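Summary of structural features
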Amino acid sequence: MPHRPEHRGFIILFGTRQIRSGEGGPPVETGCPNCGTTAPFIGKNIRTWFTLFFIPVFPISGGQRVSECTHCHTAFNLPIEQLRGASANSGQHQYQEAIALYNRLRENPTDAVLLFQLMQIYAAMGEGDQAVSAARHFPEALAASSQCRELLARIEAAPSPAQQA
Ligand SMILES: [Zn+2]
């Protein structure tokens, strides 16, 4: 039987480690699917590094761009620009809906259901002032609906939706 040479005394402790680095750029304020809060998301770049004695020596994977929730630190697998684009588009969609409702209200200025929908959209967009001025523009619809008046009172009582978040 061949004699096996004995190696002793030298151990290399190696491993891998994921490192997330910030990309900079403005954060995107949006709802987090993980923790459910509305929080700023920031762009990050994740790479796996080869480590020696826990010290990163060189990257062994290409960077993967993610968006990270600053509240729960969950990383989502999409670049921050895509998140920014998506949240801008949803805002645009709400604007279009608000414009359509406003025009329908001008034709039917007593329609409290339309006014309530319009005020809700403005409130959801963080445009409390617009909700208030819509209510003032259509006093007949406002007078016809206690729902609208309650919503108006809530919006006027709140300092601003941005500060509540
Ligand atoms: Zn989160």
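Predicted model only: the values in this text are computed from it and were never measured.

Comments concerning the overall build of the protein chain
A tally of regular secondary structure across the protein chain gives six helices and six strands. Listed N to C, the secondary structure of the protein chain is β-β-β-β-β-β-α-α-α-α-α-α in terms of helices and strands. A fraction of 52% describes how many contacts in the protein chain between residues 6 or more apart in sequence connect residues 24 or more apart. When the accessible surface of the protein chain is split by element, carbon and sulfur atoms take 55% of a total near 11,100 Å².

Details of the coordination of the zinc ion
For a metal bound by four donors in a tetrahedral arrangement, the ideal donor-metal-donor angle is 109.5 degrees, while six donors in an octahedral arrangement ideally sit at 90 or 180 degrees. Taken together, the protein ligands of the zinc ion are Cys-32 (SG), Cys-35 (SG), Cys-69 (SG) and Cys-72 (SG), with distances of 2.3 to 2.4 Å. In primary sequence terms, the donor set of the zinc ion follows C-x2-C-x33-C-x2-C. A residue pair is termed long-range when its members are at least 10 positions apart, and Cys-35 in the loop between strand S2 (28-31) and strand S3 (38-52) and Cys-72 in the loop between strand S5 (64-69) and strand S6 (75-76) qualify at 37 residues. According to the relative accessible area criterion, Cys-35 is partly exposed, its value standing at 29%.

Describing the confidence of the model for the protein chain
For the protein chain, per-residue confidence averages 87 on the pLDDT scale, and residues scoring 70 or more make up 91% of the total. Within the protein chain, helix H6 (residues 161-164) has the poorest average pLDDT of any element, 46, and S5 the best, 95. Predicted confidence for residues 161-165 stays below pLDDT 50, and this span has two contacts to residues more than four positions away or in other chains.

Notes on the packing of helix H2 (residues 112-124) against helix H5 (residues 146-157)
For the pair H2 and H5, interaxial distance at closest approach is 9 Å and the crossing angle is 20°. Taken as axis vectors, H2 and H5 run roughly parallel relative to one another. When you trace H2 past H5, the crossing you get is left-handed. Contacts between H2 and H5 involve Ala-112, Leu-115, Phe-116, Met-119, Gln-120 and Ala-123 from the first element and Gln-147, Cys-148, Leu-151, Leu-152 and Ile-155 from the second.

Observations concerning H2
End to end, H2 covers 18 Å across 13 residues, agreeing with the expected 18 Å (1.5 Å per residue, within 8%). Those residues of H2 that sit buried are Ala-112, Leu-114, Leu-115, Phe-116, Leu-118, Met-119, Ile-121 and Tyr-122. Taken together, the buried residues of H2 touch helix H1 (80-107), helix H3 (128-137), helix H4 (139-144) and H5. Among the residues of H2, the N-terminal cap falls to Asp-111, whose side-chain oxygen and the backbone nitrogen of Val-113 are separated by 3.0 Å. Gly-126 sits one or two positions beyond H2 and adopts a positive phi of about 80°.

Let's talk about the nonpolar core
In terms of nonpolar packing, the biggest core is built from 22 residues, with Leu-115, Leu-118, Met-119 and Tyr-122 touching the most fellow members. For this core, the secondary-structure elements that each account for two or more residues are H1, H2, H3, H4 and H5. Considering every element that reaches this core, the biggest residue donor is H2, with seven residues. Leaving out residues up to four positions away in the same chain, Leu-118 has contacts with Ala-98, Leu-101, Tyr-102, Leu-105 and Ala-134. Counting residues in each nonpolar core, the second largest holds seven residues, with Val-28, Cys-32, Cys-69 and Ile-80 among its members.

Comments concerning the pattern of salt bridges
Using the criterion set out here, one finds five salt bridges in the structure. Lys-44 is the partner of Glu-68 in a salt bridge, and the nearest nitrogen-oxygen pair spans 3.7 Å. Here Lys-44 lies in strand S3 and Glu-68 lies in strand S5, a separation of 24 residues in the sequence. Across the pair, exposure class does not vary: Glu-68 and Lys-44 are buried alike.

Scoring rules and cut-offs
- Residues numbered from 1 in each chain as written.
- Predicted model: local features only at pLDDT ≥ 70, side-chain atom pairs only at ≥ 80, totals over all residues.
- Heavy atoms only, no water.
- Helix = DSSP H or I, 4+ residues; strand = E, 2+ residues; numbered from the N terminus.
- Contact = heavy atoms within 4.5 Å.
- Areas by Shrake-Rupley, 256 points an atom, 1.4 Å probe, with all protein chains shown as cover.
- Donors = N, O, S within 2.8 Å, 3.2 Å for Na, K, Ca; no water.
- Buried < 20%, exposed > 50% of the residue type's maximum accessible area, 1.4 Å probe, protein only.
- pLDDT = per-residue confidence, 0-100.
- Axes fitted to C-alpha atoms, helices over the stretch in contact; angles between N-to-C directions.
- Parallel < 35°, antiparallel > 145°, perpendicular 65-115°, else oblique.
- Left-handed = near helix turned anticlockwise from the far one by under 90°.
- Expected span 1.5 Å × (residues − 1).
- Polar contact = N/O pair within 3.5 Å; in protein donor to acceptor, adjacent residues only side chain to side chain.
- Core = buried A, V, L, I, M, F, W, Y, C linked by side-chain atoms within 4.5 Å.
- Salt bridge = Lys/Arg side-chain N within 4 Å of Asp/Glu carboxyl O.

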